[in-house]
Amino acid sequence: MIKKILPLVGALMLAGCVNLAPEYERPEAPVAQAWPTGEAYEAAQLKAEQLPSWNEFFVNESLKEVIRLGLENNRSLLAVAHTVEQMRAQYRVQRSELFPTVAAAAQNAVTNTSRMTQAQGLDVTSHNYTAQLAMASYEIDFFGRIRNLNEQALQAYLASEDAHRSARSTLIAEIAMMWLQLGADRMQLALQQETLKSQEESFRLIEESYKIGSVSRLDYEQARSTVATARASIASYVRAVAQDRNALELLVGTKIDDSLLPEKLDIDATLVPTLPPGLPGEVLLNRPDIQQAERELIAANAAIGAARAAFFPNVSITAGAGSNVLHLSDLFESGSSMWTFTPSVNIPIFTGGLNLANLEAAEAGQKIAVANYESAIQSAFREVADALSTEGTIENELKAREDLADASTQAYGLADSRYRHGAATYLEVLDAQRSMVSARQALISTQLSRAASRVTFFKVLGGGAELPATEETTKQANG
């Protein structure tokens, strides 16, 4: 019985197939063939080499441990990973249609005939025993409908894997950014606490002088207002630090030990970024979101092939081999064998425009996928160009901010000394102090921009998207 059906199954699997899908050609990248140049980019002297892995790019051990915790516990990333598993299973479901379905079946048909229909005037009960190895209706894929649907499902699965890599890269960057933000806000808080301490000391001296009539009421009120302003700023940064930690723990997905949190901004938490060699279009193709967009384009191409196949005849076959007897004891005796072979052809003649509408929808979907792919490349080019402009200007800005903070500190010291010797008004001291605090705040913000720029550059080039070997799935998605 099995010997009879296996050659038939093999022949069906080897049946020829015509692929009606358009031949896929990757669209040309709609971006310039060189990275932008000009004043904003001149100082961006980046080495041309391959991107390091994320745990090499980040050199601060506390930050690396926080990122590891996030990769293990972030719920959104876990959901994306489970989506990959779901899409892999759905691809395997679609892939199964490439092969015949063979099953063993046994049946006992019992028939009772009424005595009114029998000449003997007796009820008659008969049995019909059947055992067979049957192949369910199997479509011979002459025009590639099933194979194109299989390709579409495969590309959807691979696109979900690219989405997982993209989400992983984004999460790494977001955790690093929030960790750096927390360090910067703690520095801002320390600055405001230092400022308050200085202003409280100044206010105490002015208050004593005011009581004995040595300073005016205006000086007294101005000093009191600076203390109130500093206290308000401290409350604001205490809140910011708490919210930064809440946001970081949400990204990580679990409680973070205090020892892993930064006490101040670490401007050297990462390596100096590198720019992979090659033309912009070649570099950008390594980004997982670009690869995802191309997968979706290939899937849309396959959908056209499946829609075109619907215009052609559908050929399917049902077959079976086994035994058919009246007595169970004779089921496997010689002469009890039976077989069935039922080919069928379904030729579309009139579908009310259904097939044409499906084809037009598939072709429109392919055009949408092309536009989305090209848009993704253009957005990626813009992100890298912005990151390059930051790299090309941030060092000059940082140096200027450092000089401004130093000059403002010196000016405040001189103004305070002049006031204590009666050569300046207290308003001059307040103006100098406000300028100093503002300059130091701007310096911390620029230092944060310096550190964040490196993280951003790493991320927009597709850094951090590699999957661990334990998670990496084969691109062939073997069932």
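In what follows, the structure referred to is the one given above.
Small disclaimer: the values here were computed from a predicted structure and weren't measured.

Parameters at a glance
Residues numbered from 1 in each chain as written. Predicted model: local features only at pLDDT ≥ 70, side-chain atom pairs only at ≥ 80, totals over all residues. Heavy atoms only, no water. Salt bridge = Lys/Arg side-chain N within 4 Å of Asp/Glu carboxyl O. Helix = DSSP H or I, 4+ residues; strand = E, 2+ residues; numbered from the N terminus. Buried < 20%, exposed > 50% of the residue type's maximum accessible area, 1.4 Å probe, protein only. Patch = residues over 30% accessible without salt bridge, like charges linked within 9 Å, V, L, I, M, F, W, Y side chains within 5 Å. Areas by Shrake-Rupley, 256 points an atom, 1.4 Å probe, with all protein chains shown as cover. Phe/Tyr/Trp six-rings, centres within 6.5 Å; stacked < 30°, edge-to-face > 60°. Core = buried A, V, L, I, M, F, W, Y, C linked by side-chain atoms within 4.5 Å. Contact = heavy atoms within 4.5 Å. 1 Å grid on protein atoms, 1.4 Å probe; cavity = no way out; pocket = protein on both sides within 12 Å on 5 of 7 lines; lining within 4 Å. Points joined across faces, edges and corners; volume = space filled by probe spheres on them. Nonpolar A, V, L, I, M, F, W, Y, C, P; charged D, E, K, R; others polar. Expected span 1.5 Å × (residues − 1).

Some remarks on the pattern of salt bridges
Part 1: Counted by the stated rule, this structure contains 26 salt bridges.
Part 2: Residue D258 pairs with R245 through a salt bridge whose shortest N-O separation is 2.7 Å. Separated by 13 residues along the polypeptide, D258 in the loop between α6 (217-252) and α7 (280-284) and R245 in helix α6 bring together distant segments of the chain.
Part 3: Since its relative accessible area comes to 48%, D258 is described here as partly exposed.

Concerning a nonpolar patch on the surface
Part 1: Judged by side-chain polarity, V345, I347, I349 and F350 come together as a nonpolar surface patch covering roughly 540 Å² of accessible area.
Part 2: In this structure, I349 sits in the loop between β4 (337-346) and α9 (354-420).
Part 3: According to the relative accessible area criterion, I349 is exposed, its value standing at 82%.

What to know about the packing of aromatic side chains
Part 1: For the structure shown, the criterion picks out 9 aromatic pairs.
Part 2: Considering the side-chain rings of W35 and F381, the 5.5 Å spacing of their centres and the 15° angle between planes classify their relative orientation as stacked. Here the residue W35 occupies a position in the loop between α1 (2-13) and α2 (54-57), and F381 occupies one in helix α9, the gap between them amounting to 346 residues.
Part 3: Here the aromatic cluster, defined as three or more aromatic residues joined through ring pairs, consists of F57, F58 and F458.

Details of the nonpolar core
Part 1: In terms of nonpolar packing, the biggest core is built from 55 residues, with F58, V66, I67, I175, L180 and L248 touching the most fellow members.
Part 2: Going through the elements one at a time, α2, α3 (61-73), α5 (145-211), α6, α9 and α10 (426-460) are the ones with two or more residues in this core.
Part 3: In terms of residues, this core owes the most to one element, α5, which gives 15 residues.
Part 4: Ignoring any residue separated from it by four or fewer positions in sequence, one finds F58 in contact with L63, K64, I67, I172, A176, A269, T270, V455 and F458.
Part 5: Counting 24 residues, the second-largest nonpolar core is a separate cluster that includes V31, I290, F381 and L388.

Some details on empty space enclosed by the protein
Part 1: Summed over all chains, the structure comprises 2 cavities of 30 Å³ or more.
Part 2: When its volume is computed, the second largest cavity comes out at roughly 30 Å³.
Part 3: The residue inventory of the lining of the second largest cavity, partitioned by class, reads 7 nonpolar, 1 polar and no charged.

Some points on α6
Part 1: If you check α6, its first and last C-alpha atoms are 53 Å apart, about what 36 residues at 1.5 Å a residue would give, namely 52 Å.
Part 2: G253 lies just past α6 and shows a positive phi near 90°.

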